[in-house]
Amino acid sequence: MDFRHELVLPNEDLPFKLFVFEGKDGSYKVTRHWHRSVEIFLVLEGCMDFYINTQLYRLSPGRFMIVNSNEVHSIDCPDPNYTLVMQIPRGLFEKYLKDADSLQLFRSCQKDHRLAELIEQMHTAYEKKEEGYLFRILSSFYELMYLLVTDYRMPEADEEHIRQHKNLDRLSHITNYIQANYREDLTLEGVARIFGFSPAYLSKMFQKYAGINYKTYVLELRTQAGYRLLMNTQLPVGQIASDCGFPDSRSFAKSFRRRYGMPPAEYRKKRKVKKE
């Protein structure tokens, strides 16, 4: 299968992830991938070509796309755009819906002024971070969740969705466990034993559905967690490495440099200079 699994980590102070799409400058493509989160793309300026599996949807200003959990998608943005993206962990739906496993939302690329207004309000409040901003964001967020499960819910999931969901959901449970325990010693053998698989079977599952091997997946997750601590705390690099499950600061630095192009201490220093 020519698609990969994407790691989705919520904003530190929110139960979901909200950000400006990284392909805003154009000449940008996102290859076929999947994740367990429900994702919403709201285009405010410019255009983009959005693919669900092989189905093309052209998004223009004011239009949006809802990507269901475990749905394979890709994006092509030849021109500049301004797009807001929300990624909502499926666990939030499971917390409040008894039948969340069968939840499938209409994709829709039509205009919905209320949905767009809620997402823009949340992003503006998050950027300004004024007194009480989290209350403002969360009130808009739960209204949006209500709209999704009432106005956008499909009455029945189609067979293609059910088949694909089952194939990818098995791995999603494992990646959720890894994300919750990345600080621990997560050997392939140990995780395989927890889920009742052989190490060889689990290794093949990651290669087939995540597009990367097990070790690379765990390293990527730990490196992203290390990046967040590096940017948002003053913790020493050695402590960050330990807190994120690396055996030592050298292994953290090696993985960080592979992803971000320079050692963590140097990266932190350069980002600090830019802010000043």
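In this text, all values refer to a predicted model and were calculated from it rather than measured experimentally.

Thresholds applied
Residues numbered from 1 in each chain as written. Predicted model: local features only at pLDDT ≥ 70, side-chain atom pairs only at ≥ 80, totals over all residues. Heavy atoms only, no water. Helix = DSSP H or I, 4+ residues; strand = E, 2+ residues; numbered from the N terminus. Expected span 1.5 Å × (residues − 1). Buried < 20%, exposed > 50% of the residue type's maximum accessible area, 1.4 Å probe, protein only. Polar contact = N/O pair within 3.5 Å; in protein donor to acceptor, adjacent residues only side chain to side chain. Pairing = 2+ DSSP bridges. Phe/Tyr/Trp six-rings, centres within 6.5 Å; stacked < 30°, edge-to-face > 60°. Lys NZ or Arg CZ within 6 Å of the ring centre and 35° of its normal. Core = buried A, V, L, I, M, F, W, Y, C linked by side-chain atoms within 4.5 Å. Contact = heavy atoms within 4.5 Å. Salt bridge = Lys/Arg side-chain N within 4 Å of Asp/Glu carboxyl O.

Participant: Mind showing me how you'd approach helix α7 (residues 214-232) here?
Facilitator: Note that an α-helix has 3.6 residues per turn; residues three or four places apart therefore point the same way. The terminal C-alpha atoms of α7 lie 28 Å apart, and with 19 residues this matches the ideal 27 Å at 1.5 Å per residue to within 8%. Within the sequence span of α7, burial applies to Tyr214, Tyr217, Val218, Leu221, Arg222, Thr223, Gln224, Ala225, Gly226, Tyr227, Leu230 and Met231. The backbone nitrogen of Lys215 lies 3.3 Å from a side-chain oxygen of the residue at the head of α7, namely Asn213.

Participant: Would you explain the pairing of strand β4 (residues 38-46) in this entry?
Facilitator: Along a regular strand, successive side chains alternate from one face of the sheet to the other. As paired elements, β4 and strand β9 (residues 81-88) share eight bridges and run antiparallel to each other. Pairing of Leu42 across the sheet is with Leu84, part of β9.

Participant: Teacher, can you tell me more about the packing of aromatic side chains here?
Facilitator: Centre distance and the angle of the planes are the two values used to describe a pair of aromatic rings. The final tally for this structure, using the stated rule, is 19 aromatic pairs. Measuring from ring centre to ring centre gives 5.2 Å for Phe246 and Phe252, while their planes differ by 50 degrees; the resulting arrangement is tilted. What makes Phe246 buried here is its relative accessible area of 6%. Taking NZ or CZ as reference, Lys17 lies 5.1 Å from the ring centre of Phe19, over its face.

Participant: Help me understand unusual backbone geometry, please; the structure alone is not making it clear to me.
Facilitator: Trans is the prevailing form of peptide bonds, just as negative phi is the prevailing case for residues other than glycine. Its identity is not glycine, yet Ser27 carries a phi of approximately 50 degrees, on the positive side. Assignment of secondary structure puts Ser27 in the loop between β2 (17-20) and β3 (28-34). Using a relative accessible area of 71% as the deciding quantity, one classes Ser27 as exposed. With a phi angle near 50 degrees, Lys129 is a residue other than glycine that sits in the positive phi range. Position of Lys129 relative to the elements: it lies in the loop between α2 (113-128) and α3 (133-151).

Participant: Honestly, the nonpolar core in this entry has me stumped. Any pointers?
Facilitator: Note that soluble globular proteins tend to have their nonpolar side chains buried in a common cluster. In terms of nonpolar packing, the biggest core is built from 32 residues, with Ile40, Met86, Ile88, Ile119, Leu144 and Leu148 touching the most fellow members. Elements represented by at least two residues in this core include exactly β4, β7 (64-67), β9, α1 (90-96), α2 and α3. Beyond its immediate sequence surroundings of up to four residues, Ile40 is in contact with Phe64, Met65, Ile66, Leu84, Val85, Met86, Ile88, Leu115, Ile119, Leu144 and Leu148. Ile174, Ile178, Leu202 and Phe256 belong to the second largest nonpolar core, which has 31 residues in total.

Participant: Hey, could you run me through the pairing of strand β6 (residues 55-59) in this one?
Facilitator: Examined bridge by bridge, strand β5 (residues 48-52) and β6 share five bridges and lie antiparallel to one another. Considered in β6, the bridge of Ile52 is made with Gln55. The hairpin formed by β5 and β6 contains two residues between the paired strands, and Asn53 there has a positive phi angle of roughly 55 degrees.

Participant: Explain the pattern of salt bridges to me, please; I cannot follow it from the model alone.
Facilitator: Charged atoms that come close allow side chains of opposite charge to pair. On inspection of all chains with the given rule, the structure shows nine salt bridges. Residues Glu12 and Arg228 are paired through a salt bridge, measuring 3.9 Å at the closest nitrogen-oxygen approach. Separated by 216 residues along the polypeptide, Glu12 in the loop between β1 (4-5) and β2 and Arg228 in helix α7 bring together distant segments of the chain. Glu12 gets classed as exposed once you look at its relative accessible area, which sits at 53%. Since its relative accessible area comes to 21%, Arg228 is described here as partly exposed. Notably, a salt bridge pairs Arg90 with Glu94, separated by 3.1 Å at the nearest N-O pair. Placement of both Arg90 and Glu94 in helix α1 is noted, with a separation of four residues, approximately one turn of the helix. On the accessibility criterion, Glu94 (31% relative accessible area) is partly exposed. Connected via shared salt-bridge partners are Arg36, Arg90 and Glu94.

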